[in-house]
Amino acid sequence: MKITFVLRFLLILPILFTACKKQVIQTDKIETPELSPSFAIPLGYANLNLGDVERRFDGQELVFNQANQLFELVYQRSIFEFTAADYFQFATQNFSDSYSAPPSVATAINVGGAGATASWQEQLVNTLSFSNGESIDSVLINTGNLTINVNSEFSHDISINLSSPYIVSSAGSALNTTIDLDYQGMAPLSEFITVDLSGYTIDFTRNGTTTNEIELNATLFITSSGAPITGSENITFASTVNLTDYAAVYGYFGQFTTNLNGQTDIASFYENFNGGTLSFADPRLELFLFNTTGIEVATDFSAIFDLADNSNVINSGAGLTNIPNLAPALFVGDTAVTTHQINNGNTNPTLTNMLNQASTEIVFATNSTLNPTGIATNFLTKESKVWARANAVLPFFGYADNFSLNDTTDLDLAEELALSPQDNFTVEDVEKLTVRIITKNGLPVTGNVQLYFADSLGAVIDSLFTIAQNGENIIQGAPINTSLPISDPNYGKVTNSVEKTIDIVLTGQKLKSLIDQGSKKLIYSLKANTTDASNQTDIKFFPEYDLFIKVSAKIDFKLNLQQ
């Protein structure tokens, strides 16, 4: 686990076994009938330098911040997203217009008799209806249609030409269509048509003179059947504009608030966390807010809380409520970026307080308000959105007290120790295995390790150390300097390294018992704390810190070479 590289490195003990490979002993060269030889085996050494570790994980969670000279864990997650559909949907618009024939047309038809013709024009202008005070200038339509149901009470043939200079196709042609109503001796007459508007642009300003209006021009041609026009007849247009999908919309989209919960997980940090106290002194949430809409957006959080513990809530502070308004994109294809930081200084309770509860998923209760400063010219495209990315940054500045981690690896003792008849020796030939670990620790971390041998199903057989509760103190934490002000860059720095030597002995009897019981796995249990953690002393990790470990071993055999 990258984030616990200091602590996980303390779990070095697998090399005690994996490095004990086959030793070929030519027994025919030994003349002494009985001996108890000890073979010193250098298992190697390791030098852990934090600067090298950071470079190993470049581009991942672990980084070194040059600005504050601290190692940091950075968890980058998307926390919320508002799409164009969340901000504006073109509601279906329904209109009804009814007209009677002008007196001059009625006179021409009545005087002219059967076959006489006359015409007149009507302008169908209707106002769009929206729920949030929108004022729409124009729309470029991906898919949509205009349906018109014409109902005529006239006992005459009528041909209607419908057109609009403000509804224009992608080829630049204005809308133009014809509806014919043929009189068959009975009124009223009815006709229904659908006009595909896909690819059309509609100008709701009528060439900049208004907003939210759609105009159709109707030229009606009437041919007399011989029956008179009484003046009570009407022709009615029931029309519906249904824009199911738009490519772009321009205008003002109103002022309203949308709520959304988003979350960012930092579960990988705590995946092996098993108790204790871990406190980050200066955590922060770096927000990057992106806007590809042409709308100014105000965003804030009503709360930040731990998903696993809803009572662990940050519900006030400027960090939540004083987020800068998101500037609008300047043009289609532009992305406006706004940044903001949430930290201990602008939250109540603090981020440290919430993270101390081992939060694994941080949830943001988000409010997003369009046009917070009032009426403005906006635009939206189908792909437009407002979204936020949060970097949860955990600097290596704080303390850990009795911090516990567990992990498991495969370890077949018989195989790793090469103890079988074909290897010249069996486990019965081993008197004891002694491993010496010499450490020189420049890290402000003390680590107690316990290892449990387990069978293939994970059932524990025995422990390595007799102190079963806390294990063995493998690493002794280096002392630190806390005499300086906490603002001083050298506050909490290690003053000198600490050396320690420890011998670990496994008797031949214990090895045999473990092998006989099918030891196939090794379970690590680590309890660690930073220097002076009991006093909640915050410490820092610097790239020059290192940990040197040298490991050697000897296997004592009992051999009987008498034939």
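None of the values given here were measured: they were computed from a predicted structure. (Residues numbered from 1 in each chain as written. Predicted model: local features only at pLDDT ≥ 70, side-chain atom pairs only at ≥ 80, totals over all residues. Heavy atoms only, no water.)

**Q** Is there a simple way to think about the pattern of salt bridges in this case?
**A** As enumerated under the stated definition, the model contains eleven salt bridges in all. Residue Arg284 is joined to Glu72 by a salt bridge in which the shortest nitrogen-to-oxygen separation is 3.1 Å. Of this pair, Arg284 sits in strand 16 (residues 284-291) while Glu72 sits in strand 4 (residues 70-83), and the two are 212 residues apart along the sequence. Classification of Glu72 by relative accessible area gives buried; the value is 2%. A salt bridge links Lys512 to Asp516; its shortest N-O distance comes to 2.7 Å. Placement of the pair is Lys512 and Asp516 together in helix 9 (residues 508-516), with a separation of four residues, close to one helical turn. The class of Lys512 is partly exposed, set by a relative accessible area of 30%. (Salt bridge = Lys/Arg side-chain N within 4 Å of Asp/Glu carboxyl O. Helix = DSSP H or I, 4+ residues; strand = E, 2+ residues; numbered from the N terminus. Buried < 20%, exposed > 50% of the residue type's maximum accessible area, 1.4 Å probe, protein only.)

**Q** Teacher, can you tell me more about the packing of aromatic side chains here?
**A** Remark: the centre distance and the inter-plane angle together describe each pair of aromatic rings, the angle taken between the planes. All told, the structure shown has 14 aromatic pairs when counted by the stated rule. An angle of 50 degrees between the planes, with centres 6.0 Å apart, marks the rings of Phe88 and Tyr246 as tilted. Here Phe88, found in the loop between helix 4 (84-87) and strand 5 (93-99), pairs with Tyr246, found in strand 13 (residues 235-252); they are 158 residues apart in sequence, far enough to count as distant. The pair Phe88 / Tyr246 is uniform in exposure class, with both members buried. (Phe/Tyr/Trp six-rings, centres within 6.5 Å; stacked < 30°, edge-to-face > 60°.)

**Q** How should I be thinking about the nonpolar core in this particular structure?
**A** Side chains of nonpolar character tend, in soluble globular proteins, to be buried together. Core analysis: the largest hydrophobic core is formed by 118 residues, its most contacted members being Ile160, Phe237, Phe301 and Ile304. Filtering out sequence-adjacent residues up to four positions away, Ile160 remains in contact with Val150, Thr177, Thr178, Ile179, Leu181, Ala218, Thr219, Leu220, Ile235 and Phe237. (Core = buried A, V, L, I, M, F, W, Y, C linked by side-chain atoms within 4.5 Å. Contact = heavy atoms within 4.5 Å.)

**Q** What's the story with the confidence of the model for the chain in this structure? I'm lost.
**A** Close reading of the predicted structure is inappropriate where its pLDDT is low. Overall, the prediction assigns the chain a mean pLDDT of 81, with 78% of residues at 70 or greater. Averaged pLDDT values over the elements of the chain bottom out at 31 in helix 2 (residues 14-18) and peak at 98 in strand 11 (residues 201-203). Confidence over residues 1-37 falls short of pLDDT 50; this stretch has 101 contacts with residues more than four positions distant or in other chains. (pLDDT = per-residue confidence, 0-100.)

**Q** Would you take a moment to explain helix 5 (residues 103-112) for this structure?
**A** Since the α-helix advances by 3.6 residues per turn, residues separated by three or four positions end up pointing in the same direction. For helix 5, the full list of buried residues reads Val105, Ala106 and Ile109. In a view along the axis of helix 5, the buried residues occupy a sector of 100 degrees, so they form one face of it. For helix 5, the exposed residues set more than 90 degrees away from the buried face come down to Pro103, Ser104 and Val111. Contacts from the buried residues of helix 5 go to strand 6 (117-127) and strand 12 (213-223). Two residues or fewer after helix 5 comes Gly113, characterised by a positive phi angle close to 75 degrees. (Arc of directions from axis to C-beta.)

**Q** Where do I start with the sheet that holds strand 15 (residues 277-280) in this structure?
**A** Two pairing modes exist for strands in a sheet, parallel and antiparallel, and in both the strands are linked by backbone hydrogen bonds. Read from one edge to the other, the open sheet built from three strands follows the order 15-23-31, with strand pairing classed as antiparallel. Whereas interior strands pair on both sides, the edge strands pair on one side only; in this sheet they are strand 15 and strand 31 (539-540). Pairing geometry for strand 15 and strand 23 (residues 397-401), over four bridges, is antiparallel. Paired with Phe280 across the strands is Gly398, a residue of strand 23. (Pairing = 2+ DSSP bridges.)

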